[in-house]
Amino acid sequence: MEGGRRREAAAAAVTGDGPAPVFTLEEVGTHNSNREAWLVIHGRVYDVTRFLEEHPGGEEVLLEQAGRDATESFEDVGHSSDAREMLKQYYIGELHPNDRKKEGSKNPSTTSSGQASFWSTWLIPIFGVLVLGLMYRYYMVDGKSS
Ligand code: HEM
């Protein structure tokens with residue numbers, strides 16, 4: 001059976017004798033029940049089926065994320081280094097590079113939104129203050145002369 005072969009491949013990856021299997025997000029998505037729950041954290045695929053009942057945060061949150069990229073939820077909770085260490089036990093392979101989220105500053109959309117926030121946080125308020133200053137001066141001078 002295909003699942004059995006994959007588990008062997010995953011076991012080989014964990015023991016270090018073979019390349020890690022690569023899964024697409026679509027494949028991960030088919031393991032989204034309490035009979036088989038896989039999730040993706042930082043581009044790695046984890047089979048958390050046997051961890052569901054043991055998770056200190058409850059099985060519901062894991063099932064909610066099953067079959068998906070759970071990186072954000074995992075990080076939002078601020079898991080301890082113990083929790084990060086536990087991940088290794090459930091590792092079964094890598095996420096396909098095409099399905100990987102861009103992490104870090106290489107993402108061009110981050111840079112452009114960074115530029116947008118520079119404009120809105122600094123230049124627009126400075127410009128506003130300048131205009132207000134000029135208007136103030138204009139009206140004050142105008143008021144005095146009449
Ligand atoms: C294989 C992945 C995961 C592992 C190994 C794991 C492990 C743990 C561990 C050991 C704790 C206890 C506190 C700590 O040491 O940080 C914990 C707490 C928690 N986890 Fe996870 N977790 C995983 C995935 C997730 C995901 C995807 C969510 C989604 C929201 C989640 C939500 C929580 C919550 C809400 C708590 C807090 C429980 C509390 O403070 O009462 N966990 N987890």
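No experiment lies behind these values; they were computed from the predicted model shown.

Draft legend 1. Structural view of the sheet that holds strand β4 (residues 91-95). On the basis of which strands lie adjacent, the open sheet formed by four strands has the order β1-β4-β3-β2 and mixed pairing. Of all strands in the sheet, those bounded by a partner on one side alone are β1 (22-23) and β2 (38-41). Pairing between β2 and strand β3 (residues 44-47): four bridges, direction antiparallel. The partner of W38 across the bridge, within β3, is D47.

Draft legend 2. Local environment of the site of the ligand. The immediate surroundings of the ligand are formed by 18 residues, with H55, L62, H79, S80 and L87 found nearest. Interatomic distance of 2.8 Å between a side-chain N/O atom of H79 and a nitrogen atom of the ligand. Take S80: an N or O atom from its side chain is 2.4 Å from an oxygen atom of the ligand. Those elements giving two or more residues to the shell around the ligand turn out to be α3 (59-65), α4 (71-77) and α5 (81-90). Tallied by class, residues from the shell around the ligand come to twelve nonpolar, six polar and no charged.

Draft legend 3. Up close: the coordination of the iron atom of the ligand. Distances from the iron atom of the ligand to its protein donors, H55 (NE2) and H79 (NE2), fall at 2.0 Å. Residue class for H55 comes out buried when judged on its relative accessible area of 14%.

Rules and cut-offs
Residues numbered from 1 in each chain as written. Predicted model: local features only at pLDDT ≥ 70, side-chain atom pairs only at ≥ 80, totals over all residues. Heavy atoms only, no water. Pairing = 2+ DSSP bridges. Helix = DSSP H or I, 4+ residues; strand = E, 2+ residues; numbered from the N terminus. Near = heavy atom within 4 Å. Polar contact = N/O pair within 3.5 Å; in protein donor to acceptor, adjacent residues only side chain to side chain. Nonpolar A, V, L, I, M, F, W, Y, C, P; charged D, E, K, R; others polar. Donors = N, O, S within 2.8 Å, 3.2 Å for Na, K, Ca; no water. Buried < 20%, exposed > 50% of the residue type's maximum accessible area, 1.4 Å probe, protein only.

Keep in mind these numbers describe shape, not what the thing actually does.
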